[in-house]
Amino acid sequence: SPEKTPILEVSKLVKRFGGFHALDGLSFHVVPGEILGLVGPNGSGKTTAINVISGLYAPDGGEVVFDGASAGGVASHKLVHRGINRTFQVPKPFLSLTVRENIQVALAYGGATGAPSIAELLEDFRLKEVADRPAADLNSAQQKMLDLTRALATRPRLLLLDELAAGLNPAELDWIAGRIKALAATGMAIIVVEHLMGFIEQITDRVIVLNAGREIFEGTLATAVREPQVIEVFLGG
Ligand code: ADP
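Residues numbered from 1 in each chain as written. Predicted model: local features only at pLDDT ≥ 70, side-chain atom pairs only at ≥ 80, totals over all residues.

Identification of the protein chain as ATP-binding cassette domain-containing protein from Bradyrhizobium pachyrhizi is taken from an unreviewed UniProt entry. According to the UniProt record, the Function (unreviewed entry) comment for the protein chain reads "Involved in beta-(1-->2)glucan export. Transmembrane domains (TMD) form a pore in the inner membrane and the ATP-binding domain (NBD) is responsible for energy generation." (UniProt positions renumbered as here; feature names shortened; annotations may be inferred.)

Right, here's the structure in full:
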């Protein structure tokens, strides 16, 4: 089958904090329908990569091209309208609004044609029972699901998931893995940052291993874990 055109291409991305290079020439791409994992030790630049791609930070060098157009340094709300959205390690819903109202806000903000309905999102992400409760009442797993529905309400073509699985129990992990794969099957490109390697193995097609803001490996996770330079950075060698 012909190679798909990447929806996102990141090249030689640099992000500095003071004199420290959190990203130091990172390049990779993702194609529609693909689930790409970003893995690497703490501090290797995974979240910074998500923050730059989603417009939270402007890069200090390199390029981000989304759907054929430059996206580096473009504000988050503009990128949401162009089709990039994300979840956060620590979700920050409007705590006094109900779950339903939080999703309504995201639907209004995204303004996407063909966006999923509130009923569908509540059902798909197990939030029906708590739909009319304030977001402050949700447990951490439910807050993560609400954060995900908020992102999906804007109908992204590129979805960035930052530690979505952290804190979920094994049954929830299995279930959410299925949901993420179903989203990718619709053609959505998905980038996941996770520490849980079993989860990464279950859902990703390919991983990029980062160390010190650079790629040190690209391929399947099964191959990555046999590479000496990957083993070394994970063992802190
Ligand atoms: P990872 O997600 O792989 O754990 P991060 O991207 O969060 O790594 O962080 C990479 C490095 O950049 C870390 O050393 C971190 O302390 C630093 N860093 C990230 N964000 C900031 C920031 N806003 N200000 C200063 N340093 C930061």
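Now that the structure has been shown, the text picks up again.
Glancing now at the site of the ligand. Taken together, Phe17, Ala22, Gly40, Asn42, Gly43, Ser44, Gly45, Lys46, Thr47 and Thr48 form the complete shell of residues around the ligand. Broken down by element, the shell around the ligand gets its largest block of residues, 3 residues, from helix H1 (residues 46–53). For the shell around the ligand, the per-class residue count stands at 2 nonpolar, 7 polar and 1 charged. (Near = placed C-beta within 6 Å. Helix = DSSP H or I, 4+ residues; strand = E, 2+ residues; numbered from the N terminus. Nonpolar A, V, L, I, M, F, W, Y, C, P; charged D, E, K, R; others polar.)

Structurally, the position occupied by Thr149 is in helix H5 (residues 140–152). Counting along the chain gives 80 residues from Thr149 to Ala69, while the straight-line C-alpha distance between them is 26 Å. Not counting residues up to four positions away in its chain, the partners in contact with Thr149 are Ile103, Leu121, Phe125 and Leu127. (Contact = placed C-beta atoms within 7 Å.)

Core analysis: the biggest nonpolar cluster contains 64 residues, and Leu8, Ile53, Leu158, Leu159, Ile190 and Val192 have the highest contact counts within it. Apart from residues no more than four positions distant in its own chain, Leu8 is found in contact with His29, Val30, Ile53, Phe66, Leu158 and Ala189. (Core = buried A, V, L, I, M, F, W, Y, C linked by C-beta atoms within 7 Å. Buried ≥ 20, exposed ≤ 12 C-beta atoms within 10 Å, placed from the backbone.)

Moving on to the sheet that holds strand E1 (residues 8–17). Here 4 strands make up an open sheet; going across it, the order is E2-E1-E4-E5 and the pairing antiparallel. A single partner strand is all that each edge strand has here, and the edge strands are strand E2 (20–30) and strand E5 (69–70). For E1 and strand E4 (residues 61–66), the ladder comprises 5 bridges, and the chain directions are antiparallel. Residue pairing in the sheet places Glu9 in a bridge with Val65 of E4. (Pairing = 2+ DSSP bridges.)

With 7 of its 8 residues buried, H1 lies for the most part within the structure. Buried residues of H1: Lys46, Thr48, Ala49, Ile50, Asn51, Val52 and Ile53, and no others. Following H1 by one or two positions, Gly55 adopts a phi angle in the positive range, close to 85 degrees.

Our focus in this paragraph is the sheet that holds strand E9 (residues 206–211). With respect to topology, 6 strands assemble into an open sheet ordered E6-E7-E8-E3-E9-E10, the strand pairing being mixed. Strands at the two margins of the open sheet, each flanked by one partner only, are strand E6 (84–86) and strand E10 (214–219). The mean inter-strand angle of the sheet, taken between neighbouring strand axes irrespective of direction, is 20 degrees. Strand direction decides the pairing type here: strand E7 (residues 158–162) and strand E8 (residues 189–193), joined by 5 bridges, are parallel. By the bridge assignment for E8, Leu158 is matched with Ala189. Across the face of the sheet, helix H6 (residues 170–185) comes into contact with strand E3 (35–39), E7 and E8 while running at roughly 150 degrees to E8. (Axes fitted to C-alpha atoms, helices over the stretch in contact; angles between N-to-C directions.)

For the rest of this paragraph, the subject is the pairing of E3. Of all 5 residues in E3, 5 are buried; the element is thus mostly enclosed. Residue alternation in E3 divides its side chains into two sets, Ile35, Gly37 and Val39 and Leu36 and Leu38, and both sets are buried.

Residue Arg126 is not a glycine yet carries a positive backbone phi of 55 degrees. By the secondary structure assignment, Arg126 is in the loop between helix H4 (118–124) and H5. Phi at Ala212 is positive, roughly 50 degrees, even though this residue is not glycine.

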